[in-house]
Amino acid sequence: MDPPMLDVRDNFIMTEFSNPTFWRGKILVVTSHLLTLDSMKCLLEDHLYSVQATRSGEPALQAAREFLPDLIILDTVIPYLTGLELCQRLKAEESTRHIPVLFVVTSGQPEDKEEIFKAGGIDYITRPFRNEELLVRLEIHLAMQRLKAELEIERRERVRLSQEIKHWEQTFDEQVKQRTQELEEALTNERVEHVQMIKAARLAMLSKTTALIIQELRNPLTIILQKVRHLKSLVQ
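Residues numbered from 1 in each chain as written. Predicted model: local features only at pLDDT ≥ 70, side-chain atom pairs only at ≥ 80, totals over all residues. Heavy atoms only, no water.

Digging into the overall build of the chain
Tallying secondary structure elements over the chain gives five helices and seven strands in all. When the helices and strands of the chain are read in sequence order from the N terminus, they spell out β-β-β-α-β-α-β-α-β-α-β-α. Residues classed as buried in the chain amount to 28% of the 236 residues present. Contacts spanning at least 24 positions in sequence make up 61% of the contacts within the chain whose residues lie at least 6 apart. Accessible surface, the chain: about 16600 Å² in total, of which carbon and sulfur atoms supply 58%. (Helix = DSSP H or I, 4+ residues; strand = E, 2+ residues; numbered from the N terminus. Buried < 20%, exposed > 50% of the residue type's maximum accessible area, 1.4 Å probe, protein only. Contact = heavy atoms within 4.5 Å. Areas by Shrake-Rupley, 256 points an atom, 1.4 Å probe, with all protein chains shown as cover.)

Here we look at the pairing of strand β4 (residues 50-54)
Among the five residues in β4, five count as buried, and that is most of the element. Burial along β4 is two-sided: Ser50, Gln52 and Thr54 facing one way and Val51 and Ala53 facing the other are all buried. The sheet contact formed by strand β3 (residues 26-30) and β4 spans five bridges and is parallel. Paired with Val29 across the strands is Ala53, a residue of β4. Read as a crossover between parallel neighbours, the route from β3 over helix α1 (residues 34-46) to β4 is right-handed. (Pairing = 2+ DSSP bridges. Right-handed = clockwise from strand over helix to strand, strands pointing away.)

So, the pattern of salt bridges
In total, this model carries 16 salt bridges according to the counting rule given. For the salt bridge of Arg146 with Glu139, the shortest nitrogen-to-oxygen distance reads 2.6 Å. Classification of Arg146 by relative accessible area gives partly exposed; the value is 37%. With its nearest N and O atoms 2.9 Å apart, the salt bridge here joins Arg160 to Glu164. Of this pair, Arg160 and Glu164 both sit in helix α5 (residues 131-235), four residues apart, which is roughly one turn of the helix. By relative accessible area, which is 39% here, Arg160 ends up partly exposed. Three or more residues joined by partner-sharing salt bridges are found here, namely Arg24, Glu139 and Arg146. (Salt bridge = Lys/Arg side-chain N within 4 Å of Asp/Glu carboxyl O.)

Some words on the pairing of strand β7 (residues 123-127)
Burial along β7 is one-sided: the face carrying Asp123, Ile125 and Arg127 is buried and the face carrying Tyr124 and Thr126 is not. Summarising the sheet, strand β6 (residues 101-106) and β7 pair through five bridges and their orientation is parallel. Opposite Val104, over in β7, you have Ile125 as the bridge partner.

Focus: the confidence of the model for the chain
With 79% of its residues at a pLDDT of at least 70, the chain reaches an overall mean of 81. Confidence drops under pLDDT 50 across residues 1-20; counting only partners more than four residues distant or on other chains, this segment forms 40 contacts. (pLDDT = per-residue confidence, 0-100.)

Topic: helix α2 (residues 57-67)
The set of residues buried in α2 consists of Gly57, Pro59, Ala60, Leu61, Ala63, Ala64 and Phe67. Backbone geometry just downstream of α2 places Leu68 in the positive-phi region, at approximately 45 degrees.

Details of the nonpolar core
Leu28, Val30, Ile72, Leu74, Leu86, Leu90 and Val101 are the most contacted members of the largest nonpolar core, which totals 20 residues. Only β3, α2, β5 (71-75), α3 (83-92), β6 and α4 (113-119) provide two or more residues apiece to this core. It is α2 that contributes the most residues to this core, five residues altogether. In this structure, Val51, Ile125, Leu135 and Leu142 belong to the second largest nonpolar core, which totals 19 residues. (Core = buried A, V, L, I, M, F, W, Y, C linked by side-chain atoms within 4.5 Å.)

Regarding the environment of Gly57
Relative to the assigned elements, Gly57 resides in helix α2. Along the chain, Gly57 and Ser32 lie 25 residues apart, while their C-alpha atoms are 9.7 Å from each other. Excluding its chain neighbours within four sequence positions, the residues that come into contact with Gly57 are Ile78, Pro79, Leu81 and Leu86.

As for unusual backbone geometry
Excluding glycine, a negative phi dihedral is what most residues carry, and trans is how most peptide bonds are arranged. Each neighbour pair has its own omega, and for Arg127 with Pro128 the value is 5 degrees, a cis peptide bond. A positive phi angle, near 75 degrees, is found at Tyr80, a position not held by glycine.

What about the side chain of Thr36?
Structurally, the position occupied by Thr36 is in helix α1. Here Thr36 falls in the buried class, since its relative accessible area comes to 4%. Polar side-chain contacts of Thr36 include one of 3.4 Å to the side chain of Arg127. Apart from residues lying up to four places away in sequence, Thr36 is in contact with Thr31, Arg127 and Phe129. (Polar contact = N/O pair within 3.5 Å; in protein donor to acceptor, adjacent residues only side chain to side chain.)

Take a look at the structure:
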């Protein structure tokens, strides 16, 4: 593999490869200590991390916004801004507040370690550090960051599915309500037609019965008239 191409721009030391998926993660190193910067950069690149480095606060803030690293290694002592101040500014911005910050402190340095965590740091290593310790801590925090990202994706997916289920439930309820209304209207119309049919049948039966009664009444009257006529003929 060809060595990485170095390009110094505005106090940035940048490393680029043609294939971004080659890297295990993106790391931003912020330190004014040249020996620490060089040793970290070489170590991380040898272990397949994409590294961007800067030596002061404002360029580091800009790099964090543009590079969006997976983790920031931040020295507590840097020019213009202290490491704690830079961390606080990173945590105050929406685009960078999620990035974990690993502090580098000098052995015997009087900083209060509690202030590191209050500023938003997740961990620290002491200079001079052992390479194995740095790599282990780095991988642990990157793994935790990946897990958080996966959990966030899962949470958003659950929210999406919940909203989709809620939408389909509302749609189903509306369809059931509409269908129920249609069935009730159809049942009402059927009942009206049924009542009308019963009335028509009753009227037809009443008409037939009336005709039969009239016919039955006519028969006796006809017999009586015939007998009266016969008696008249005898008298005459």
